[in-house]
Amino acid sequence: MASPKVIVLRTCDGETFEVDESVVYVSETIKNMIEDGCGDGVIPLPNVSSKIFPKVIEYCKKHVSDFESLKKTSNGDEKEKDKDDDSSKKGKEAVPDVEEDAEEKARVEELKEWETTYMDIDQQVLFDLLQAANYLNIKGLLLMAAEKAASMIRGKTPEQIRETFNIKNDFTPEEYEEVRRENAWAFE
Amino acid sequence: MAEFTEKITEEEAIPTKNLPEVLIADILSRLPVKSLLKFRCVCKTWCALIADPAFVKEHLNRSLASNSNLSLIFRRCALFSVDLDTCEQRAAVELDHPLKSPHLATEVLGSCNGLLCISNSDEDILLWNPSIRRHHKLPITPIEFPVRFDSPRLIVYGLGYDPTTDDYKLVRVVQFYGDSEYSCDSEVKVYSLRTNSWRRIRDMPYHLSYERGFGVLNNSWRKIRDMPYHLSYKRGYGVLANYALHWVAMRETGRDTASTFIVSFDLQDEYYREIPLPDFVDDEFHMTVGVLGGQLCLLCNFFRVRVEVWVMKEYGVRDSWLKQFSIEQPDVISSFMFVRPICYSKNGDVILDKDSEAPLLLYDSLRERVRNLRIRGAPDRMETEICVGSLVPLNAKDGTEQPAMMKKHRKHKKRRFMEQRAG
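Residues numbered from 1 in each chain as written. Chains lettered and ligands numbered in written order. Predicted model: local features only at pLDDT ≥ 70, side-chain atom pairs only at ≥ 80, totals over all residues. Heavy atoms only, no water.

Trainee: If you had to explain unusual backbone geometry to someone new, which residues and values would you point to?
Mentor: Even without being glycine, A:Asn166 reaches a positive phi, approximately 55 degrees. Tracing the sequence through the fold places A:Asn166 in the loop between helix H9 (158–165) and helix H10 (173–182). (Helix = DSSP H or I, 4+ residues; strand = E, 2+ residues; numbered from the N terminus.)

Trainee: How would you sum up the sheet that holds strand S1 (residues 6–11) of chain A? Please name residues and give values.
Mentor: Residue and element names in this part refer to chain A. Here three strands make up an open sheet; going across it, the order is S2-S1-S3 and the pairing mixed. The two strands at the open ends of the sheet, each matched to only one other strand, are strand S2 (16–20) and strand S3 (42–45). Across the sheet, the mean angle from the axis of one strand to that of its neighbour is 35 degrees, orientation sign disregarded. Alignment of S1 against S3, held across four bridges, turns out to be parallel. (Pairing = 2+ DSSP bridges. Axes fitted to C-alpha atoms, helices over the stretch in contact; angles between N-to-C directions.)

Trainee: Explain the nonpolar core to me, using residue names and the numbers behind them.
Mentor: Membership of the largest hydrophobic core comes to 108 residues, with the highest contact counts inside it found for A:Leu130, B:Leu28, B:Trp46, B:Leu72, B:Phe74 and B:Ile375. With eight residues, the single largest contributor to this core is helix H8 (residues 139–153) of chain A. The residues contacting B:Ile375, other than those within four sequence positions of it, are B:Leu72, B:Phe74, B:Val82, B:Cys87, B:Ala92 and B:Leu360. B:Val171, B:Val190, B:Ala249 and B:Leu267 belong to the second largest nonpolar core, which has 18 residues in total. (Core = buried A, V, L, I, M, F, W, Y, C linked by side-chain atoms within 4.5 Å. Buried < 20%, exposed > 50% of the residue type's maximum accessible area, 1.4 Å probe, protein only. Contact = heavy atoms within 4.5 Å.)

Trainee: An account of the environment of A:Lys62 is needed here, citing residue identities and associated values.
Mentor: All names here are of chain A. Turning to its location among the elements, lysine 62 is positioned in helix H3 (residues 53–62). What makes lysine 62 partly exposed here is its relative accessible area of 26%. The spatial distance from the C-alpha of lysine 62 to the C-alpha of isoleucine 167 is 35 Å, given a sequence separation of 105 residues. Not counting the four nearest positions on each side in its chain, lysine 62 is found in contact with Glu110, Leu111 and Trp114. Among the polar contacts made by the side chain of lysine 62, one reaches the side chain of glutamate 110 at a distance of 3.0 Å. (Polar contact = N/O pair within 3.5 Å; in protein donor to acceptor, adjacent residues only side chain to side chain.)

Trainee: Pulling in residues and values, what's your account of the side chain of B:Arg340?
Mentor: Structurally, the position occupied by B:Arg340 is in strand S21 (residues 339–344). Buried charge B:Arg340 goes without a salt bridge, the closest partner of opposite sign being B:Asp353 at 4.6 Å. (Lys, Arg positive; Asp, Glu negative; His and termini not counted. Salt bridge = Lys/Arg side-chain N within 4 Å of Asp/Glu carboxyl O.)

Trainee: Give me the lowdown on the packing of helix H7 (residues 123–136) of chain A against helix H2 (residues 21–28) of chain B, citing residues and values where you can.
Mentor: At their nearest, the axes of H7(A) and H2(B) sit 11 Å apart, and the two run at 110 degrees to each other. With respect to H2(B), the axis of H7(A) lies roughly perpendicular. On the side of H7(A), the interface is formed by A:Leu130, A:Gln131 and A:Asn134, while H2(B) contributes B:Val22, B:Leu23 and B:Ile27. Residues belonging to the contact of H7(A) with H2(B) are distributed by class as follows: four nonpolar, two polar and no charged. (Parallel < 35°, antiparallel > 145°, perpendicular 65-115°, else oblique. Nonpolar A, V, L, I, M, F, W, Y, C, P; charged D, E, K, R; others polar.)

Trainee: Can you break down the interface of chain A and chain B residue by residue, with the values?
Mentor: Across the boundary between the two partners, chain A contributes 48 residues, which contact 53 residues of chain B. For the pair chain A and chain B, the two sides together bury roughly 4600 Å², of which 59% comes from carbon and sulfur. Here chain A and chain B share three salt bridges between them. A salt bridge links B:Arg40 to A:Glu182, with the nearest nitrogen and oxygen atoms 3.6 Å apart. Those elements that place two or more of their residues in the side of chain A that touches chain B are helix H5 (86–90), H7, H8, H9 and H10 of chain A. Split by residue class, the side of chain A that touches chain B holds 20 nonpolar, eight polar and 20 charged. (Buried area = accessible area lost by both parts, 1.4 Å probe.)

Trainee: With reference to specific residues and values, describe the packing of aromatic side chains.
Mentor: Residue and element names in this part refer to chain B. Scanning the entire structure with this criterion turns up 14 aromatic pairs over all chains. Seen from the ring of tryptophan 198, arginine 172 lies directly overhead, with NZ or CZ sitting 5.8 Å from the centre. If you follow arginine 202 out to its NZ or CZ, it ends over the ring of tyrosine 271, 4.3 Å from the centre. (Phe/Tyr/Trp six-rings, centres within 6.5 Å; stacked < 30°, edge-to-face > 60°. Lys NZ or Arg CZ within 6 Å of the ring centre and 35° of its normal.)

Trainee: How would you summarise the environment of B:Gly236 if you had to cite specific residues and measurements?
Mentor: Residue and element names in this part refer to chain B. For glycine 236, the location among the structural elements is in helix H6 (residues 229–236). Residue class for glycine 236 comes out buried when judged on its relative accessible area of 0%. Sequence spacing of glycine 236 and valine 311 is 75 residues, and the spatial spacing of their C-alpha atoms is 20 Å.

Trainee: Mind laying out H8(A), listing which residues take part and the relevant values?
Mentor: Relative to the 21 Å expected for 15 residues at 1.5 Å per residue, H8(A) spans 21 Å between its end C-alpha atoms, a close match to the ideal helical length. Taken as a whole, H8(A) has its buried residues at A:Gly140, A:Leu141, A:Leu142, A:Leu143, A:Met144, A:Ala145, A:Ala146, A:Ala149, A:Ala150 and A:Ile153. (Expected span 1.5 Å × (residues − 1).)

Trainee: How would you summarise the confidence of the model for chain A if you had to cite specific residues and measurements?
Mentor: Residue and element names in this part refer to chain A. The predicted model of chain A averages 83 in pLDDT, with 80% of residues at 70 or higher. Within chain A, the lowest mean pLDDT, 40, falls on H5, and the highest, 95, falls on H8. Considering only residues more than four positions removed or in separate chains, one finds that residues 73–94, a stretch of pLDDT under 50, has 48 contacts. (pLDDT = per-residue confidence, 0-100.)

Trainee: Give me the pattern of salt bridges: which residues, what numbers.
Mentor: Overall, the coordinates contain 29 salt bridges over all chains when judged by the stated rule. The residue A:Glu147 makes a salt bridge to B:Arg30 at a minimum N-O spacing of 2.7 Å. Taken together, the positions of A:Glu147 in helix H8 and B:Arg30 in the loop between H2 and helix H3 (33–39) put the pair across two chains. Assessed through its relative accessible area of 33%, A:Glu147 is described here as partly exposed. Overall, the relative accessible area of 13% leaves B:Arg30 in the buried class. Note that B:Asp364 is salt-bridged to B:Arg367, the shortest N-O span being 2.6 Å. Taking relative accessible area as the criterion, B:Arg367 reaches 62% and is therefore assigned exposed. Sharing partners across several salt bridges, the network here consists of A:Glu147, B:Asp26, B:Arg30, B:Glu58 and B:Arg62.

Following this line, the structure appears as structure tokens:
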């Protein structure tokens with residue numbers, strides 16, 4: 001491929017964005033649409049707003065090189081990213097090349113720092129990001145956002161959860177009493 | 001689900017205001033059980049979601065894959081626990097379990113998917129999920145094999161999960177003294193949680209080898225109070241890996257020689273098999289089988305003060321045995337000391353149990369050295385088990401169903417229960 005192809009996308013509120021093909025390829029949804037032949041026209045994104053799309057593109061740009069190597073291997077599953085200790089815990093292979101190891105470590109560190117800054121966002125942005133990552137099928141972003149959301153709500157009370165997720169308490173007073181009582185020790 | 005979006009208020013129906021249920025489930029599956037139990041009170045949808053078997057499975061699989069939500073369980077008559085991730089910062093706390101009694105020592109016969117199998121005797125065995133405080137009492141099953149004048153040589157158990165039937169199984173192996181030293185007369189029974197019944201299966205044709213403190217019981221199979229009852233079981237419970245239970249066995253190879261090997265009991269097809277061992281250069285060692293990160297492993301304690309840990313990277317494949325590490329620190333591990341691997345820690349180090357004595361050991365994979373791992377609040381002599389926090393259900397609520405001998409305990413619980421209701 002000579003020059004990188006530019007893809008035009010339109011968000012739900014009518015704004016258009018021009019992005020390199022390799023960048024939008026990080027989204028499985030967009031990738032499929034392009035492969036189905038929509039890449040030449042404007043790709044509509046009905047579930048993504050112009051507010052959150054730039055944030056998503058920022059993630060994609062950072063992960064293009066990841067994706068390049070991923071494209072060659074088979075589709076990764078729900079497993080955690082390699083930045084986690086998971087793969088090293090599962091079975092430490094025979095001693096790897098020391099130099100490679102150090103380079104890898106530095107890369108992982110840098111990515112971690114970038115991710116910390118990237119995820120320094122408020123709750124509304126986080127929820128927007130979650131929905132966008134889900135619709136656009138960007139596994140790594142969804143994972144990161146979901147982990148962040150989990151750590152955010154972990155210590156909340158049910159009342160705070162309802163506020164956060166805009167949920168109505170539909171228990172009757174008796175039902176609520178019962179559920180509360182059954183799990184009373186969890187509130188200690 | 002549609003119900004969710006209906007809860008939006010009169011404000012503009014921004015599509016991003018409410019997360020769809022699939023995302024909620026994803027987020028919730030990353031939380032510890034305690035948080036999830038609280039969140040059952042949020043609304044009916046969440047309450048149903050958290051109890052949904054598919055969600056329970058997703059939550060469990062995620063915990064296992066990411067080595068999170070784990071606790072260390074310590075046992076010395078009473079049971080104690082501490083979160084794995086903070087075991088060096090926080091103290092272990094005593095667990096209030098359904099078999100708790102001032103007069104009897106409780107054993108842990110196995111741990112699987114968040115369920116612990118605990119017992120005070122062969123007649124008093126429970127499956128217990130400490131995270132959700134629910135338990136299930138197993139029916140009693142006699143030993144059918146004609147009881148001869150001698151007592152059985154050993155009785156060991158193993159707890160595991162059968163994915164083909166989505167069932168939890170407890171295996172009991174009873175072995176008797178026979179005519180020769182390595183005879184293997186045995187009776188094997190399997191309990192299924194799904195059917196809540198025991199069934200006898202084909203005998204185990206291998207002589208299980210457990211060298212310390214074989215439980216000796218009188219002919220009526222009642223526990224004798226002051227016997228060191230706990231020692232025999234701890235050494236002998238089946239190690240769970242790849243939906244199979246494993247034990248160390250021995251067979252005669254010559255007039256005065258015997259060799260050690262690993263026998264497996266597949267929970268799915270209920271067949272016994274032998275697991276091939278790596279080619280050891282020096283075979284003067286004491287072998288223990290364990291599991292690390294879901295992979296079967298061997299711990300070889302050599303005569304000349306060296307401990308090797310081998311991991312079977314691909315289950316059943318002989319060539320996949322890898323010597324993970326080797327420890328040669330006589331100040332920490334003496335020769336032939338009984339050492340057992342427990343689990344990986346948060347950052348890839350290995351926690352080991354040392355001859356039922358505190359402290360535990362931590363193998364630092366970076367420094368390639370082992371050091372003592374002291375847990376505050378844990379007993380001095382103890383056996384260690386690992387348990388994942390899960391929502392796997394059992395029917396009886398802790399604190400409501402108590403066996404007859406614990407009447408005093410029950411009254412106390414009832415009072416507390418009433419207090420909570422009022423408050």
